[in-house]
Each structure stands twice: as structure tokens, then as C-alpha cells.
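Examining the three-dimensional arrangement
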Amino acid sequence: MKMTSNQFPDFGLTPEQRREAVLGHYFEYPGMDGERGEIWCYTDAYAYPPGATVRLQVSSTAALFELEIVRDGAVETPVMKRSGIAARWQDTPDQCSVVGCGWETTLEFQVGADWSSGAYRVTLTAEGRDRSPIRCHHLFIVRPEAGRKPGRVLQVAATGSWTSYNTWGGSNHYQGITGPNRDQYATTVSIERPFCRGFVQLPIDAPRVPLEIYSAMAVAPRYPHMEWAYANGYSKKYASSGWASYDSHFFRWAEREGYAVDLASQHELHFNPEILDGYDCVVFVGHDEYWTWEMRDAVDTYVERGGHAARFAGNFMWQTRLEDGGKRQVCYKYRSRAEDPAYRSADQTRTSGSWEAAEIGRPGASTFGLNATRGLYVGWGGCAPRGARGFPVYRPEHWAFAGTGIYYGDILGAEGHAFGYEVDGLDYIIRGGLPEPTQDSGAADGLEILALGMSSLKEESADIPADDQFLSDADAKFVAETLIGDTGEAAVDRVKRGCGMIVNFPRGKGEVFHAGSCEWVAALMRGDAMVERVTANVLNRYLKR
Ligand SMILES: [Fe+2]
């Protein structure tokens, strides 16, 4: 029998510090490292075509810095190195998370015509006032040129989630320093700011959100990823979003396996939807929570015309709007009915709330087959902390499982911990041992449920004092309000039990495959052979390999 520890990892924090790590608000801001000094940077866009000019904005306490850029794929390919670049400290507005940093451009350079599509990691190094190095990381995407790309996969990075979770400057779509008491999350966030620490690069031992341990009987859950972040100076949200925790694992895996992969940001779906037409297979991975109406139109049209969308991702939850050419993202979320002007406008469909809210009326299931409000949390806090770590399989005969040797009742991806920490599902019934979507689930015609595991919308724990709960019942109440119009106990009880599914369905001339879990990419990173095989089966079928 494999022995697994039942002790939470310890990062040397006191109980008070552990509480602050989970419930406090800590973030990156200019001046945070004090006397030692700092260097920060951002680019003027998330993605550039080959040949474009990149504008790099730098604020540094050191007068000179060194720049290094590498393409971060199956192998790391250095593409640029420059030293002795002049910089200065630049003023930053208090509400930079909302309005952008507004720094002057420090350096311009061209994307080389030979820089293949992918993610390019920027590292700036300078000398701190104590003579030790100071450093920052950024990342930009080189997107493909338009045109037919037979045999190639297009991966769309979950950049809407990157923007939403970025803690730099104090505000994101979760916590913030906006409002009269400087304690509200921001309903508008800017891309013109550095990425928070841990979005671009992470040490290999940085905990992921789902618990690695099976906690002992009747102990209060802890949140190792936030404790680690607090103890090591990383963003509180490093494990919730970003290239390092999510998108990179698919991209590197696919290249290692010999797939030709191009990379785009979600801005391309919004502003240049024709980019999809060049591909037989478009892939979405990781924690992919924030989309605009136009981005969904792009995918729906692409699939209708014969395209293939493969989503190995979780948490298709919020509609956003883009402003100022994509420089700012708007999402009122829980406050949309109270505060979003779109809710009170003639066309309520663009309200920046849950896709399943009646006023929006466009459940995620109509694009990707699954909904966030029927899924949600598993594997952490008081939400199934000892739950399934892979997808319980119900239809092993499906083509996606060919060659895996998996059986009915097996757990796909348990080894690589593919299931968590946010999953997407549908309302279902089980008949004769097989799940099917209920009549009013909103499932697409011809949708088959291949696998299904339990999840929870509500942190229910006799072992955690209510004051110490991180997830609490807030999301369950919000979903109850959204779907039923009531936040009472009976309504919460009706919505609080969720699930995560793998589904497959045809649409128009195309097809959608969706494994609805954030952590699918973690199983690829860990070399889970069955998860790798299923992923390859999907890509190979869609690429006609
Ligand atoms: Fe999320």
C-alpha cells in the first residue's frame, strides 16, 4: 500500500501568519522591497504578431539593467540579450491596478520574423542598493500570422483569468483597494501593470491548490498554497492563474510530444476571431474563467463551420467586457445586478456577471458543454478535501479512452491528480449505471457524459470555525441567487452539490471535447500516462493524424 502523509506541509508560519496568509490581503506594489530596491516591467500588449514592435515599460531603482528573453517551450530558446540599458524609477498611480501604471516606454524592440509563435519570458536583472541582484519576470505571446495551418494546434492562453487574478498594485477581481474604505475588489482591471510574483516562473516545489495529503480525521483544512506564497514572497494568487501554474504545462507537453503548437491570447478571439479558421484544432487549458461575448461568438462560429474545440480546463464562469482596445477588463461579478450599468441598459445580455444569470442567458454549456455553477470546488478547503483526484469513468468504450485500458469505475488521472480545484459540470441523473444530462440541464444535443466526479459549491466543515473559512458559503449563495433568485437555506441546499465532467458533443460541422478541470494540465506535467493518452487521442482525432 502506498503511504501518503496526512500532515499538512509546514512553511514555518505562526498560526496568526497562517490566518493572514489565507484571509489577509497582501500584494505587490512599488516600494515593497524597501531599501534593497526593485525592478518592475510590463509590455504594452499581451500578444504580438511577428515583426511587431514591443514597448517595454520599466521602473527601476537601479540606473542600468540587463534584459534577457527566452522562448518558453519544450526547450528554452534564448532570443535576445542586452545589457547596460538605462532605466529610472517611475511614479505609479495609487489605483494602478484599475487605470494602469502609465509608465513611459523604456525600451522598444522588434519581434523577430523568425520567432515562432509561443510564450516569451522576459527577465530583467539589475543591482540592488545592497549590491545583490534584483530581478523581475514578464511574459508576452508571439501569435501566429493569419492563414491556413494544417496539422498545427492553436492554444489560446487563459489571459482573461491572468488579468483577473493579477494581484500587482493591490486590486484584482477578488480583493482590492478600491472603494471608500479601500477594501473592495476592482470591477475594472488594467493589463498595463507588471504580472504578480509567480505568474511567469515558479520553483518546482511551489504547492498547487489541491491538497497533496489525505488529511487526518476531523482536522481543520489548511491552504498550503497560500501559506507557501506568504512565507516565500509570492502572490497570494500564484496558484490560481498564470502561465507558470497552468498554460505552460500544456504548451511544453504538447511540444515535447511532437505537436506543432501556436499560441494566442484571448484578445485574438475577441479582436481577430479569423485567427481560428486556420486551425483544425483549438485548445483551451487550465483555469479559464473569464470570457467576453465576442470570444464565445468566435469559438461558436469556428465549431459550427467544422472546427474542433478541445477544452481541458475548468471554471467557465464570468462574462467580461473589454475597454480601451483591450487594455482594461470589466467584470462586476457578484455586484453586477447592483452596480453594472449594463444590467440597467436596454441590452442586459452584456451584464458582467455569471453566464447562467437570466439577464445574460448564455450558459457556458452552449459553447463548451458544461457550466461553472454546476461544478466548482474539489480537493481543497472544506470542499471535498479527500475527494476524487481523477475523473470516475462511466463510458470507457468512448474513442477518447482508446488504448488506455481504462475500465468502468476506474478513476482517470488519479495518479497525476487531474481533478480539481475548480471543475465544470451539468445537472445529471444516473440510470442503469450511466449518467445523462437532465432535461433542463442545457446540455447540447448529442452530448455524452464520459466521466463524472463530485464537487461542492459550499465549504461545509464542522472542523473550521466559520470565521476561518476561505471559501465559505459565499459562492453557493451567489449561485442560489443567480439561478433561483433566493439565498435562503433551501435554495442553497438545492445548488450546493456540484460535479466535474468529461463530455463530448457534435455541433454544426464541428465537435467539442471538454475535460472540465483546472488540474488536467497538472497531470500532463506529472506525466500521468492515461491523461497523456486521452489528450493525444483528442488532438490526433481533431488533427486527423
Ligand atoms: Fe476560478
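Residues numbered from 1 in each chain as written. Predicted model: local features only at pLDDT ≥ 70, side-chain atom pairs only at ≥ 80, totals over all residues. Heavy atoms only, no water.

Ligation of the iron ion by protein atoms is provided by Tyr165 (OH), His287 (NE2), Glu289 (OE), Asn315 (OD1) and Glu422 (OE), these donors lying 2.1 to 2.6 Å from the ion. Counting residues between consecutive donors of the iron ion along the chain gives the motif Y-x121-H-x1-E-x25-N-x106-E. Pair noted here: Asn315 is in the loop between β14 (308–314) and β15 (318–323) and Glu422 is in strand β20 (residues 421–425), with a separation of 107 residues, a long-range link. Using a relative accessible area of 2% as the deciding quantity, one classes Asn315 as buried. (Donors = N, O, S within 2.8 Å, 3.2 Å for Na, K, Ca; no water. Helix = DSSP H or I, 4+ residues; strand = E, 2+ residues; numbered from the N terminus. Buried < 20%, exposed > 50% of the residue type's maximum accessible area, 1.4 Å probe, protein only.)

For the rest of this paragraph, the subject is the sheet that holds strand β6 (residues 105–110). In space, the three strands of this open sheet follow the order β1-β3-β6, with antiparallel pairing throughout. The outermost strands of the open sheet, each flanked by one partner alone, are β1 (39–43) and β6. Adjacent strand axes in the sheet meet at a mean angle of 25° when their direction is disregarded. Across five bridges, β1 lies against strand β3 (residues 53–60) in antiparallel orientation. By the bridge assignment, Tyr42 is partnered in β3 with Gln57. (Pairing = 2+ DSSP bridges. Axes fitted to C-alpha atoms, helices over the stretch in contact; angles between N-to-C directions.)

Within a regular strand, the side chains alternate between the two sheet faces. Two strands pair when backbone bridges link them, and strand β4 (residues 64–72) and strand β5 (residues 76–86) are joined in this way by eight bridges, in the antiparallel orientation. Its bridge partner lying in β5, Leu67 is registered against Arg82. Counting the residues that bridge the hairpin from β4 to β5 gives three residues. The pairing of β4 with strand β7 (residues 118–127) spans six bridges and is classified as antiparallel. Residue Glu68 lies in a different strand from β7, and its bridge partner there is Thr123.

With that out of the way, let us pick up the pattern of salt bridges. As enumerated under the stated definition, the model contains 40 salt bridges in all. Across the pair Arg152 and Asp262 runs a salt bridge, and its minimum N-O distance is 2.8 Å. Placement of the pair is Arg152 in strand β9 (residues 152–156) and Asp262 in strand β11 (residues 260–264), with a sequence separation of 110 residues. With a closest N to O distance of 3.4 Å, Glu481 and Arg337 form a salt bridge. Highlighted residues: Glu481 in helix α10 (residues 474–484) and Arg337 in helix α8 (residues 336–339), separated in sequence by 144 residues. (Salt bridge = Lys/Arg side-chain N within 4 Å of Asp/Glu carboxyl O.)

Now for the nonpolar core. Nonpolar side chains in soluble globular proteins tend to be buried together. Phe250, Val283, Phe312, Leu412, Ile502, Phe513 and Trp520 are the most contacted members of the largest nonpolar core, which totals 87 residues. By size, the runner-up hydrophobic cluster in this structure holds 34 residues, among which are Trp291, Trp293, Leu447 and Leu452. (Core = buried A, V, L, I, M, F, W, Y, C linked by side-chain atoms within 4.5 Å.)

Before going further, it helps to examine the pairing of strand β23 (residues 448–456). Counting buried positions over the nine residues of β23 gives seven, a clear majority of the element. One ladder, built from eight bridges, connects β23 with strand β24 (residues 497–507); its direction is antiparallel. By the bridge assignment, Ala451 is partnered in β24 with Ile502.

On to the layout of surface pockets. Looking at the largest pocket, its volume works out to about 640 Å³. If you trace the largest pocket, you find 31 residues lining it, with Tyr174, Lys237, Tyr334, Phe470 and Asp475 closest to the centre. Within the residue set of the lining of the largest pocket, elements represented by two or more residues are α1 (15–23), α4 (224–232), β17 (371–378), β20 and α10. The biggest single contributor to the lining of the largest pocket is α10, with three residues. Of the residues in the lining of the largest pocket, the class split is 18 nonpolar, seven polar and six charged. For the second largest pocket, the calculated volume is near 500 Å³. Per element, the largest residue contribution to the lining of the second largest pocket is seven residues, and it comes from helix α5 (residues 243–256). Class assignment for the residues of the lining of the second largest pocket results in 15 nonpolar, four polar and eight charged. (1 Å grid on protein atoms, 1.4 Å probe; cavity = no way out; pocket = protein on both sides within 12 Å on 5 of 7 lines; lining within 4 Å. Points joined across faces, edges and corners; volume = space filled by probe spheres on them. Nonpolar A, V, L, I, M, F, W, Y, C, P; charged D, E, K, R; others polar.)

A few words on the sheet that holds strand β13 (residues 290–292). If you walk across this open sheet you meet the four strands as β10-β16-β15-β13, and the pairing is mixed. Of all strands in the sheet, those with a lone pairing partner are β10 (188–190) and β13, marking the two edges. Sheet twist, expressed as the mean angle between neighbouring strand axes with direction ignored, is 40°. Pairing between β13 and β15: three bridges, direction parallel. Pairing of Trp291 across the sheet is with Gln319, part of β15. Helix α7 (residues 293–304) rests against β13 and β15 of the sheet, and its axis sits at about 80° to β13. (Contact = heavy atoms within 4.5 Å.)

Once that is clear, we can look at the environment of Gly112. Among the secondary structure elements, Gly112 is positioned in the loop between β6 and β7. You can call Gly112 buried: its relative accessible area is 15%. A sequence separation of 63 residues divides Gly112 from Pro49, and the C-alpha atoms of the two residues are 9.5 Å apart. Among residues more than four places away in sequence, those in contact with Gly112 are Pro50 and Gly51.

Under the 1.5 Å per step criterion, the end-to-end length of α7 is 16 Å for 12 residues, consistent within 8% with the ideal 16 Å. Trp293, Met295, Arg296, Ala298, Val299, Asp300, Tyr302 and Val303 are the residues of α7 that are buried. (Expected span 1.5 Å × (residues − 1).)

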